[in-house]
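# Analysis of the macromolecular model
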Amino acid sequence: MPPERRPGVAAVLLAGGLARRMGGGDKCLRMLGGKPLLQRVIETVSPQVAALVLNANGDPARFGQFKIPVVADVVEGYAGPLAGILSGMEWAERHLPACRWLLSVPTDAPFLPRDLAARLCEAVERGAELACAASAGQVHPVIGLWPVAMAGDLRRALIDEDMRKIDKFTARYRLTTVEWSDQPVDPFFNANRPEDLAEAERLVRLLDRP
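Summary of the structure given here.

About the thresholds
- Within each chain, residues carry numbers counting from 1 in the order of the written sequence.
- Only residues with pLDDT of at least 70 get local features here, since the model is predicted, and only at 80 or more are side-chain atom pairs given and counted; chain-wide, interface and lining totals rely on the full set of residues.
- As a rule here, side-chain values cover all heavy atoms of the structure and leave hydrogens and water aside.
- Numbering goes from the N terminus for both helices and strands, where a helix is a DSSP run of H or I of at least four residues and a strand is a run of E of at least two.
- A radius of gyration in this sense is built from C-alpha atoms; the matching globule rule multiplies 2.2 Å by the number of residues raised to 0.38.
- Per-residue accessibility, obtained with a 1.4 Å probe over protein chains only, is compared with the maximum for each type, and a residue is labelled buried under 20%, exposed over 50%, and partly exposed between these values.
- Under the convention used here, a 1.4 Å probe and the Shrake-Rupley method define accessible areas, while residue burial counts only the protein chains that appear.
- We count Lys and Arg on the positive side and Asp and Glu on the negative side, and we leave His and both chain ends out.
- Lysine's charge is taken at NZ, arginine's at CZ, aspartate's at CG and glutamate's at CD.
- An axis is simply a line fitted to the C-alpha atoms; with a helix, the fit covers only the stretch in contact. Between two such axes, the angle follows the N-to-C directions and lies from 0 to 180 degrees.
- Put simply, a crossing is left-handed when the front helix is turned counterclockwise from the back one by less than a right angle, and right-handed when it is turned clockwise.
- When checking whether two residues touch, look at their non-hydrogen atoms; a contact exists if any pair is within 4.5 Å.
- Residues are grouped as follows: Ala, Val, Leu, Ile, Met, Phe, Trp, Tyr, Cys and Pro are nonpolar; Asp, Glu, Lys and Arg are charged; every other residue, Gly included, is polar.
- Note on ring pairs: Phe, Tyr and Trp rings are taken, using the six-membered ring of Trp, and paired if centres are within 6.5 Å. Classes follow the plane angle, with under 30 degrees stacked, over 60 edge-to-face and the rest tilted.
- We define a salt bridge as a side-chain nitrogen of Lys or Arg found within 4 Å of a carboxyl oxygen belonging to Asp or Glu.
- We call two strands paired when DSSP finds no fewer than two bridges between them.
- The definition of a polar contact used here is a pair of N or O atoms within 3.5 Å, where within protein one atom must be able to donate a hydrogen and the other to accept one, and adjacent residues in sequence count solely through side-chain atom pairs.
- Within this scheme, the nonpolar core is defined by two criteria: the residues are buried Ala, Val, Leu, Ile, Met, Phe, Trp, Tyr or Cys, and they are joined through side-chain atoms within 4.5 Å.

To continue, consider the overall build of the chain. Helix and strand counts for the chain come out as 6 helices and 9 strands. In terms of overall dimensions, the chain is globule-like: its C-alpha atoms have a radius of gyration of 16 Å, near the 17 Å expected for 210 residues. Based on the C-alpha atoms only, the size of the chain along its principal axes is roughly 45 × 40 × 30 Å. Here the chain holds 210 residues, and 52% of them are scored as buried. On the chain, roughly 9900 Å² of surface is accessible, and the fraction owed to carbon and sulfur atoms is 51%. With 26 positive and 26 negative side-chain charges, the chain shows a separation of 2 Å between the mean positions of the two kinds.

We now examine the packing of helix H2 (residues 81-95) against helix H4 (residues 151-160). Here H2 crosses H4 at 145°, and the two axes come no closer than 10 Å. Once H2 is placed against H4, the crossing between them reads as left-handed. Across from Leu82, Ala83, Ile85, Leu86, Met89, Glu90 and Glu93 in H2, the residues of H4 making contact are Ala151, Leu154, Arg155 and Leu158. Residue classes in the contact of H2 with H4 are distributed as 8 nonpolar, no polar and 3 charged.

Geometry of an aromatic ring pair is reported as the spacing of the ring centres plus the angle between the planes. Counted under the stated rule, the structure contains 4 aromatic pairs. Consider the rings of Trp146 and Phe169, whose centres lie 6.4 Å apart with planes at 25°: the pair is stacked. Residue Trp146 is located in strand S8 (residues 138-147), and its partner Phe169 is located in helix H5 (residues 166-170); the two are separated by 23 residues in the primary sequence. The same class applies to Trp146 as to Phe169, namely buried.

Our focus in this paragraph is the pattern of salt bridges. Applying the stated criterion across every chain, the model contains 14 salt bridges. Here Lys35 makes a salt bridge to Glu43, at a shortest N to O gap of 2.8 Å. On the accessibility criterion, Glu43 (34% relative accessible area) is partly exposed. Between Asp153 and Arg156 there is a salt bridge, with the nearest N and O atoms lying 2.5 Å from each other. Here Asp153 and its partner Arg156 are both found in helix H4, 3 residues apart, which amounts to about one turn of the helix. The class of Asp153 is partly exposed, set by a relative accessible area of 33%.

Tracing the sequence through the fold places Val204 in helix H6 (residues 194-207). Its relative accessible area of 8% is what places Val204 among the buried residues. Separated by 93 residues in sequence, Val204 and Phe111 have C-alpha atoms that sit 8.6 Å apart.

Here the focus is the pairing of strand S1 (residues 6-14). For S1, the buried fraction is high: 7 of the 9 residues fall into the buried class. Bridge count between S1 and strand S4 (residues 49-55): 6 bridges; the pairing is parallel. The residue bridging Val12 from the neighbouring strand is Val53, located in S4. Two strands pair when backbone bridges link them, and S1 and strand S6 (residues 101-106) are joined in this way by 6 bridges, in the parallel orientation. Looking at the pairing, Leu14 lines up with Pro106 of S6.

Okay, the side chain of Asp73 next. Relative to the assigned elements, Asp73 resides in the loop between strand S5 (70-71) and H2. Comment: no salt bridge for buried Asp73; closest opposite-charge side chain is Arg164, at 9.0 Å. Here Asn55 takes part through its side chain, which lies 2.9 Å from a polar atom of the side chain of Asp73.

A word on the nonpolar core. Grouped burial of nonpolar side chains is what soluble globular proteins tend to show. Leu13, Val45, Leu103, Val105, Leu116 and Leu145 are the most contacted members of the largest nonpolar core, which has 34 residues in total. The set of elements that each furnish at least two residues to this core consists of S1, helix H1 (37-45), S4, S6, helix H3 (116-125), strand S7 (130-135), S8 and strand S9 (175-180). The greatest single-element share of this core, amounting to 6 residues, is contributed by H3. The contact partners of Leu116, leaving out residues within four places of it in the chain, are Gln48, Leu103, Val105, Ala133, Ile143, Trp180 and Phe188. Formed by 29 residues, the second largest nonpolar core is a distinct cluster that contains Ala79, Trp91, Leu158 and Phe169.

Following this line, the structure appears as structure tokens:
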């Protein structure tokens, strides 16, 4: 079944970290099955949303081949994924006023589900303020759906309270968790270390996913 595009949703692809466990550099540009990790994420997420923006620090020209906007953290000091999510929210406010929701995904997760946006949207439509993904009993707070209107609250939490943990921020709101099966492959597998990337190569072959 093809993915369902959600016109009121933009997505921020998070690549603003330092990738220390991968040895530094741009983890999302590491190759997997002949493609950069970032390309795999774009191919999965793009058909589900109205627009994409990449959150990455440094010279944006290094991502030119991907033909998507790049926005740096709007909070200095490598403040973690919440800073990238805020950057995506504020970008959507400026460029996509019709988008009410922001989907956040990491760029080191090459097996994201094709129904990610649809199922998270359905969850918030049932009365939650936020939704995040889970698999195998583990919650993945960085993979979530956020109201763009929350940007002001998030900016205050980051700057005034020096908040860095996603679950500490989301605990203030009605959060729902949506579970995906981890078979045959956990869709939220992420390649943090070189050995994870080697395992991802095996999983690509298992899935026969080009």
